[in-house]
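Given next are the chains, with one letter for each unit.
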Amino acid sequence: MSAASVERPHDDRPLIAEANRLMDRNPGYRVEIIRGQILVSPPPDGPHAEALTEFMLLFAASGLHGTESKVLQGIGLWLPTGTEDYAIPDLVVVDADYRDHCIENNCYDPVCFRLVLEVTSSNYRTDLRDKVKAYAAAKIPVYVIIDRRHQRLHVLTNPTGDDYESHRPHSPGEVVTLPKSIGAEVTLDVAEILKAGQPKSD
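Here goes a summary of the coordinates provided. (Residues numbered from 1 in each chain as written. Predicted model: local features only at pLDDT ≥ 70, side-chain atom pairs only at ≥ 80, totals over all residues. Heavy atoms only, no water.)

### Some points on the layout of surface pockets
What the largest pocket holds in volume is close to 670 Å³. Considering the residues around the largest pocket, the lining is formed by 34 residues, among which Met23, Tyr29, Arg30, Gly74 and Ile88 are closest to the centre. Looking at the lining of the largest pocket, the elements that each hand over two or more residues are α1 (14-25), β1 (30-34), β8 (107-108), β9 (113-119) and α3 (124-137). Broken down by element, the lining of the largest pocket gets its largest block of residues, three residues, from α1. Broken down by class, the residue content of the lining of the largest pocket amounts to 14 nonpolar, 13 polar and seven charged. (1 Å grid on protein atoms, 1.4 Å probe; cavity = no way out; pocket = protein on both sides within 12 Å on 5 of 7 lines; lining within 4 Å. Points joined across faces, edges and corners; volume = space filled by probe spheres on them. Helix = DSSP H or I, 4+ residues; strand = E, 2+ residues; numbered from the N terminus. Nonpolar A, V, L, I, M, F, W, Y, C, P; charged D, E, K, R; others polar.)

### A look at the environment of aspartate 90
Mapped onto the secondary structure, aspartate 90 falls in the loop between β5 (86-87) and β6 (91-95). The buried category is assigned to aspartate 90, whose relative accessible area is 5%. As for aspartate 90 and glycine 161, which are separated by 71 residues in sequence, their C-alpha atoms are 23 Å apart. Excluding anything up to four places from it in sequence, aspartate 90 contacts Arg30, His48, Leu52, Leu72, Gln73, Gly74, Leu117, Glu118 and Val119. (Buried < 20%, exposed > 50% of the residue type's maximum accessible area, 1.4 Å probe, protein only. Contact = heavy atoms within 4.5 Å.)

### As for α1
Over its twelve residues, α1 runs 17 Å from end to end, which matches the ideal 16 Å to within 8%, given 1.5 Å per residue. Among all positions of α1, only Ile16, Ala17, Ala19, Asn20 and Met23 are buried. One side of α1 carries all its buried residues, which in axial view fall inside an arc of 160 degrees. Opposite the buried face of α1, by more than 90 degrees, sit the exposed residues Pro14 and Arg25. (Expected span 1.5 Å × (residues − 1). Arc of directions from axis to C-beta.)

Spelled out as structure tokens, the structure:
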């Protein structure tokens, strides 16, 4: 679905209008506005998608995709960091009534998000820095980053201001249990998740 299919005109939203034009001209690319800057990311590779699938299976097996919450890919998250800011996380856990919280431009109110997850690609600095601040400002309770470049899994909790009070990087060999606040107890093997996301070496 094109992001240009919105309910209101964007004459007074020049960045969103330009972001929607870019999305229409570049199918498969992700276009976001973070702190007033348009970010364009190319389509992800197969291992990126595989790591997301591993998480989706874990979340589904834990009952997170049911009557109380939903596990979704690529939906817009409206951000409080700027008048036109929004992000499109790789994967989210949201309240089941998220459809009642659409703000504009197919983006939803942060209040219905329990967790956001990003898998790093060439733009890994955005996930590890800019989005940390943006998601903390939006008070997203849990932010998980699969850092493929440095082979770490980051779990950030307790947003305060534009940062998280707790930021724990985990290495292969560790077993991590995500906070129960997401709606279920989810335990994962860091090595397996990182292996799923690892591109084939030449």
